[in-house]
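# Close look at the chain arrangement
Read off the chains here:
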Amino acid sequence: MLTCQADSMQTSPGFVCFSPLVPTVPKSQVHTVYHVPYVQTGFRVAGQPWTYYIGSLFQKNNQCMNSWTHIIGFFAMIYTMLKFAQTLDFVGDSYTWPMLSLFITSMLMYIGSAAAHCLQSKSTLAYFCCFMMDYAGIAIYGCGTVVAHYFYCMDDDVSYFLKDVFLPVGSVLTLNVFICFAHAEITYPRPYPPANKLFKVVALAAAHIWITQSISNRLYNYYVSLKREYTRSIDSHLCHILCVLAATFFYSADMPERFFPGRFDFIGHGHQLFHICALLGSLFHFDAMYLDMQAGRASLGKRPIPTLFNTFGVIFLVLLLEVLFYFWFYRKVVAKLEKQK
């Protein structure tokens, strides 16, 4: 088996490792851009063929489980969509289009994240490109969530105040997630200073708080006030919010590896737990959306009617803006890397 033993060999002109299982190396032998806080081993060697990084899905390395948790998420979304399709007409019934858009955007997020973790070790440029793709997926899933909540979740009291602004403000906030994530990754690269995660968490929190406004009245009436007004989806919504909070905690706190550096390099570190909480949250979220969608059919005359323009059109517009910002950030990355040479 051909092995790569020195970081200097990674950048040597013409040097190629043809083995699909080049051994991983410790933290000291890779560029700082690949460093993960409190993770000491299991880093893949840069500069290998793309087939190596695809093959590394079946190799023991510190990104393997990050990829698999979202590969599983991708197929979980497909399975859930096919299960819903047994009772829903995703083609002929426009009322189901917000749900379909949510499925499509969730699958884009999960497969984009899995690919980012799988391929990011190819080079420093590939690292930034892959994770900007990951962040674009997170943002577009957020946009799909905005669309679904707009049509399915708002009761009459909330709709009275938010119906005219919920979609445009939510779309801007989810696009801002991508912009802030990409800016933080380029401006504050690994090893991450606190400003990196602050940019990301604040942007994501702002979007999620706005989305949650659509169900805030129901949450308050059941869990806080004495009205105890129960809807079938309320428990699933609460479980989704709790999973989001847990995911945010594990993403921000770098636990448990913070207390045991090197012990969770392959299985059990905080980013994996963040992925698992995010997946569980998605499953609860789809359950809540399905129940709200079924309950909302009785109010079709009072709520906006889904069309191609206000469902997939909104998502396409945000996706188009993401592509434009992606290439703008790409030029910044290339200029930055050229300056560092």
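Here goes a summary of the coordinates provided. For clarity, every value in this text was computed on a predicted model and none was experimentally measured.

Along its length, the protein chain carries 11 helices and 0 strands. Beginning at the N terminus, the succession of helices and strands in the protein chain can be written as α-α-α-α-α-α-α-α-α-α-α. Taken against the 2.2 N^0.38 rule, which gives 20 Å for 341 residues, the C-alpha radius of gyration of the protein chain at 21 Å falls within 12% of a compact globule. C-alpha extents for the protein chain along the principal axes are approximately 65 × 40 × 40 Å. Within the protein chain, the fraction of its 341 residues that count as buried is 50%. As displayed, the protein chain offers around 16100 Å² of accessible surface, 71% of which is attributable to carbon and sulfur atoms. Here the protein chain contributes 23 positive and 18 negative side-chain charges, whose respective centroids are spaced 7 Å apart.

Further remarks concern the pattern of salt bridges. Within this structure, the stated rule accounts for 4 salt bridges. Asp292 serves as the salt-bridge partner of Arg218, at 3.0 Å between the closest nitrogen and oxygen. With Arg218 in helix α8 (residues 194-223) and Asp292 in helix α10 (residues 270-296), this residue pair connects regions lying 74 residues apart in the sequence. Grouping residues by exposure puts Arg218 and Asp292 together as buried. Notably, a salt bridge pairs Asp254 with Arg258, separated by 3.9 Å at the nearest N-O pair. On the basis of relative accessible area, Asp254 is assigned to the buried category, the value being 12%. According to the relative accessible area criterion, Arg258 is partly exposed, its value standing at 34%.

Right, let's get into the environment of Ala246. Note that Ala246 resides in helix α9 (residues 234-253). Residue Ala246 is classed as partly exposed on the basis of its relative accessible area of 25%. In this structure, the C-alpha to C-alpha distance between Ala246 and Leu319, residues 73 residues apart in sequence, is 28 Å.

Here we come to the packing of helix α7 (residues 166-187) against helix α11 (residues 309-340). Close contact between α7 and α11 brings their axes to 10 Å; oriented N to C, the two are set at 20 degrees. Put simply, α7 runs roughly parallel to α11. Crossing handedness for the pair α7 and α11: right-handed. Between α7 and α11, the residues in contact are Leu167, Ser171, Leu175, Phe178, Ile179, Ala182, His183 and Ile186 and Asn310, Val314, Val318, Leu321, Glu322, Phe325, Tyr326, Phe329, Val333 and Lys336, respectively. When grouped by side-chain class, the residues that make up the contact of α7 with α11 number 13 nonpolar, 3 polar and 2 charged.

This part takes up the side chain of Thr174. If you trace the backbone, Thr174 turns up in helix α7. Among the residues examined, Thr174 registers a relative accessible area of 1% and is labelled buried. With residues near it in sequence (within four places) discarded, Thr174 still touches Ala139, Gly142, Cys143, Val146 and Ala207.

The next thing to look at is the packing of aromatic side chains. Counted according to the given criterion, the structure contains 25 aromatic pairs. Relative to Tyr53, the ring of Tyr52 has its centre 4.8 Å away and its plane inclined at 70 degrees; by these criteria the two rings are edge-to-face. For Tyr53, a relative accessible area of 0% gives the class buried. Between Tyr127 and Phe131 the ring centres are 5.0 Å apart and the planes differ by 55 degrees, which places this aromatic pair in the tilted class. Linking Tyr127 with Phe131, this pair stays in helix α5 (residues 124-152), spanning 4 residues, or about one helical turn. For the residue pair Tyr127 and Phe131, the accessibility class agrees, reading buried in each case. Here the aromatic cluster, defined as three or more aromatic residues joined through ring pairs, consists of Tyr34, Tyr127, Phe128, Phe131, Tyr135 and Phe181.

The next point concerns the nonpolar core. Across soluble globular proteins, you tend to see nonpolar side chains buried next to one another. The biggest cluster of nonpolar side chains holds 46 residues, and the ones touching the most others in it are Phe84, Phe90, Met99, Phe103, Tyr152 and Phe286. Residues within four places of Phe84 in sequence aside, it is in contact with Phe90, Met99, Phe103, Phe286 and Tyr290. Ranked by size, the runner-up nonpolar core spans 33 residues in total, among them Val22, Phe43, Ala116 and Tyr135.

Counting through the fold element by element, Thr105 comes out in helix α4 (residues 97-119). Judged by its relative accessible area of 2%, Thr105 falls in the buried class. Among the polar contacts made by the side chain of Thr105, one reaches the main-chain carbonyl oxygen of Ser101 at a distance of 2.9 Å.

All chains considered together, the criterion is met by 0 disulfides. Cys143 takes part in no disulfide bond, and the closest cysteine sulfur to it belongs to Cys153, at a distance of 15 Å. Its relative accessible area of 0% is what places Cys143 among the buried residues. Take Cys243: it sits in no disulfide, and the sulfur closest to it among the cysteines is that of Cys277, at 6.2 Å.

Calculation criteria
Residues numbered from 1 in each chain as written. Predicted model: local features only at pLDDT ≥ 70, side-chain atom pairs only at ≥ 80, totals over all residues. Heavy atoms only, no water. Helix = DSSP H or I, 4+ residues; strand = E, 2+ residues; numbered from the N terminus. Rg over C-alpha atoms; globule rule 2.2 N^0.38 Å. Buried < 20%, exposed > 50% of the residue type's maximum accessible area, 1.4 Å probe, protein only. Areas by Shrake-Rupley, 256 points an atom, 1.4 Å probe, with all protein chains shown as cover. Lys, Arg positive; Asp, Glu negative; His and termini not counted. Charge placed at Lys NZ, Arg CZ, Asp CG, Glu CD. Salt bridge = Lys/Arg side-chain N within 4 Å of Asp/Glu carboxyl O. Axes fitted to C-alpha atoms, helices over the stretch in contact; angles between N-to-C directions. Parallel < 35°, antiparallel > 145°, perpendicular 65-115°, else oblique. Left-handed = near helix turned anticlockwise from the far one by under 90°. Contact = heavy atoms within 4.5 Å. Nonpolar A, V, L, I, M, F, W, Y, C, P; charged D, E, K, R; others polar. Phe/Tyr/Trp six-rings, centres within 6.5 Å; stacked < 30°, edge-to-face > 60°. Core = buried A, V, L, I, M, F, W, Y, C linked by side-chain atoms within 4.5 Å. Polar contact = N/O pair within 3.5 Å; in protein donor to acceptor, adjacent residues only side chain to side chain. Disulfide = S-S within 2.5 Å.

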